[in-house]
Each structure stands twice: as structure tokens, then as C-alpha cells.
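The chain contents come next:
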Protein chains: 2
Amino acid sequence: MTEPQWLNPEERRAWLAVASLMFRLPATLESQLQRDEDLTVAGYMVLAMLSESATRECRMSKLAELTNTSQSRLSRIVARLEKDGYVTRAMDANDRRVVLARITEAGVAKIAAAAPGHVAAVRAAVFDRLDEEQVRQLAAISRTLLGDELPYLPE
Amino acid sequence: MTEPQWLNPEERRAWLAVASLMFRLPATLESQLQRDEDLTVAGYMVLAMLSESATRECRMSKLAELTNTSQSRLSRIVARLEKDGYVTRAMDANDRRVVLARITEAGVAKIAAAAPGHVAAVRAAVFDRLDEEQVRQLAAISRTLLGDELPYLPE
DNA sequence: GTTGATTACTTGCAATCGAAACTAATGTAG
DNA sequence: CTACATTAGTTTCGATTGCAAGTAATCAAC
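In short, a report on the structure. (Residues numbered from 1 in each chain as written. Chains lettered and ligands numbered in written order. Predicted model: local features only at pLDDT ≥ 70, side-chain atom pairs only at ≥ 80, totals over all residues. Heavy atoms only, no water.)

The next subject is the sheet that holds strand β2 (residues 87-91) of chain A. Where strands meet in a sheet, backbone hydrogen bonds hold them as pairs that are either parallel or antiparallel. All names here are of chain A. Strand order in this open sheet of three strands is β1-β3-β2, and the pairing throughout is antiparallel. Two strands lie at the open edges of the sheet, namely β1 (57-59) and β2, each paired on one side alone. Between one strand and the next, the sheet's axes are offset by a mean angle of 25 degrees, whatever the strand orientation. As paired elements, β1 and strand β3 (residues 99-103) share three bridges and run antiparallel to each other. Across the sheet, the residue bridging to C58 is A101, located in β3. (Pairing = 2+ DSSP bridges. Helix = DSSP H or I, 4+ residues; strand = E, 2+ residues; numbered from the N terminus. Axes fitted to C-alpha atoms, helices over the stretch in contact; angles between N-to-C directions.)

Each copy of the sequence occupies a distinct position, and chain B is placed on chain A by a rotation of 180 degrees and an axial shift of 0.0 Å, giving an RMSD of 0.0 Å. Put plainly, the chains are arranged around a two-fold axis. No C-alpha of chain B approaches the rotation axis more nearly than that of M22 of chain B, which lies at 2.9 Å. Of all interface residues in chain B, 100% are interface residues in chain A too; the two copies therefore contact each other through one and the same surface. (Least-squares fit on C-alpha atoms with pLDDT ≥ 70 in both. Contact = heavy atoms within 4.5 Å.)

Residue and element names in this part refer to chain A. Take D92: it is sitting in the loop between β2 and β3. R59 provides the closest opposite charge to the buried, salt-bridge-free D92, at an N-O distance of 5.3 Å. A distance of 2.7 Å separates a polar atom in the side chain of D92 from the backbone nitrogen of N94. In contact with D92, other than residues within four places in its own chain, are V98 and L100. (Buried < 20%, exposed > 50% of the residue type's maximum accessible area, 1.4 Å probe, protein only. Lys, Arg positive; Asp, Glu negative; His and termini not counted. Salt bridge = Lys/Arg side-chain N within 4 Å of Asp/Glu carboxyl O. Polar contact = N/O pair within 3.5 Å; in protein donor to acceptor, adjacent residues only side chain to side chain.)

Around DNA strand D sit 20 residues in total, of which R73 and R76 of chain A together with S61, S75 and R89 of chain B are the nearest. A distance of 3.1 Å separates a phosphate oxygen of DNA strand D from a polar backbone atom of R96 of chain A. Contacts to DNA strand D include R76 of chain B, whose side-chain N or O atom sits 3.0 Å from a base oxygen. At the level of secondary structure, the elements contributing two or more residues to the surface near DNA strand D comprise α4 (71-83) of chain A together with α3 (60-66) and α4 (71-83) of chain B. The element that contributes the greatest number of residues to the surface near DNA strand D is α4 of chain A, accounting for five residues. When grouped by side-chain class, the residues that make up the surface near DNA strand D number four nonpolar, six polar and ten charged. (Near = heavy atom within 4 Å. Nonpolar A, V, L, I, M, F, W, Y, C, P; charged D, E, K, R; others polar.)

Structure below.
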């Protein structure tokens, strides 16, 4: 532990900016989806991951990893999506501990309806403001920081 | 609106990594502070901002901006810090709508005790993993994305 | 094949949050 | 001076969260 105990001025300035971004950006995306589609960002991501899956279904634990949430949180998110008719849950016949979440037709329709607005919000908040070089830098930095925690991303 | 409707493959991959980071990093910092100091990240930031202020006090609305929270959320955060003895609230004599939050001695001691662990967590999660060039890139990107929403940062 | 550990998921509880409603003080227009 | 709008902050409500405890199925060891 020979690390300096505090951040140096450049690190400090960098951190304050990163921290601001880290708190404000999710809130921006959250409020757009909430206002326009009555969806949580987490709920959106669940639907997005399921809709992009070849089988349209996924086990809960994997879904939790893909959507960067805890298992308990995911459980409640999927419960809500199920109540709203966007997802169904079924036991896996091979391993009856496993629950497979499957997106419904209504869920596919919902994500199709919600995507343009959400993508526009992401564009407006991020990609419209960066040039290609910065996008590459940001992607590389994010992957480095995630390290081994980068969830496996379905094709 | 001639924007493409979806993200291109490079943007998409970049976004998935950024989004993962954006959800996981706050959770990491939150759990460290919670576990070791029984503090919220938001509560930590409030104490940090107050302790760095020359007068050791700050009006609620400015504090909300500095800590990237809504006014209503800040109100509850400060109420909790006050209950724990780290902050006091007083009416501003000049404008009696204004509330000045002031950090107490116990609050100063608390932030001093909490800072090393929190800084270590920030280092471990971010600065230890990036080289100087990447730190500069990340800072520049963050400031660009924040745009005019970069809160005024006290010296 | 029974016991104990592990894995997968859910749920109870207390705490927290965002949105909107609310109180109270100040500013402004006539 | 008297409305009316605006600003500052708090609070209420329903919903969400994390943690820890719970249920249930599978696995591993003997």
C-alpha cells in the first residue's frame, strides 16, 4: 500500500467530472424512458437482451449479469414486466431450480416502440457530442475499467 | 431528424460497455462506503463538499447541484446527516427561504475517517487501471458530455 | 441413499427514491 | 398595498432497492 492517499489535482478534477456524469447520465435516461414509455432503464435492458436472444428467453442469473443488476433486483424487475404482460417466467425442465424468462409478443412490441426514443436519448447525451476518436477512447476505457466484469454480450 | 435510428456496431459495443460501467461503478463505491462507514455516496459527497468549503456551510440548492442530486433527495440526505450529528441546518438571516447546511466537528471527523477508504476504492476501480493519457481522455470526454451541466466546482 | 453444501431464485424488511403536492418567503405588476 | 408569480426547501405517496433470510432443487461425499 504505497499508493498516495488522496487524488492528485488532475485526478481529482477528472474524478469530479466522471462522478457527475455517472450520476447524471443514468438519471437522464431513466426519466426519458419513464416519461415516454413507463419503463425503467433496467426493465428496458431486460427486454432488449431478451428480444436480441435467438431463443427469446434467458435464465434469470444470466439476465442479471447481462443487465448489470443483482439477482434479487432482477427478480422484482421481471415480476413487474410479467405483471405488465411483457415477459413470462417458466421453470427449466432440465434443472428445476432455473427460471427462464421469455419475452412475449407484447414485450417485443414494447421494446420496438421504446427503442427509438431511448436510442435518441443516448445519442443526444453521448454519441452526438463525441467524435469517432473519442467514442473509441471511451469504449476502450470502459472495457479496461470493467476488466473481467464485462458481461458476455450476445452477438 | 436525419439521425440514424439505431446505433452502429461500434457505437453499440461502446454503449454496452459504458452502460455496464455506469451501473456497476456506483454500486461498487456505494457498497464500500456502506459497509465500512455506514455512509451513502451521496452523503459522503455532501460532507466532502461542505468540508472543502471555506465557510464550512452551503445553501441546500447549491449543495444539490454540487452533489448531482435533486433538491428533494438532498433534503432527505441532509436530514439523515443531521440526525447522525454530522451536519446542522440553519435559516439564512438575509433570505429566510434559504437553508444553510453546516458541517459539524463530528462531520469533519467522519469525512476524514471515511476518505482514505473511499479514495482507495476510487483508485482501485479507476485510476489504478488507467494510464495518464487515458485519465486525460476520460476527463475531457466527461466534461464534454456534461456540457453546461458541469457543476461549479469549489477550488 | 442419506447428509450437508451449493446453486437458483424469491421475499420480508427497513431504507431510499422520484414526482408531485405542499409551505413559506420574496419579488413584481398594477 | 394587494395580487400573482417565482423561488427555496420539505414532505407525502407509491414504488424500488439492498441486504439478509427464506425456499427449493441439485450436487458431492461417504
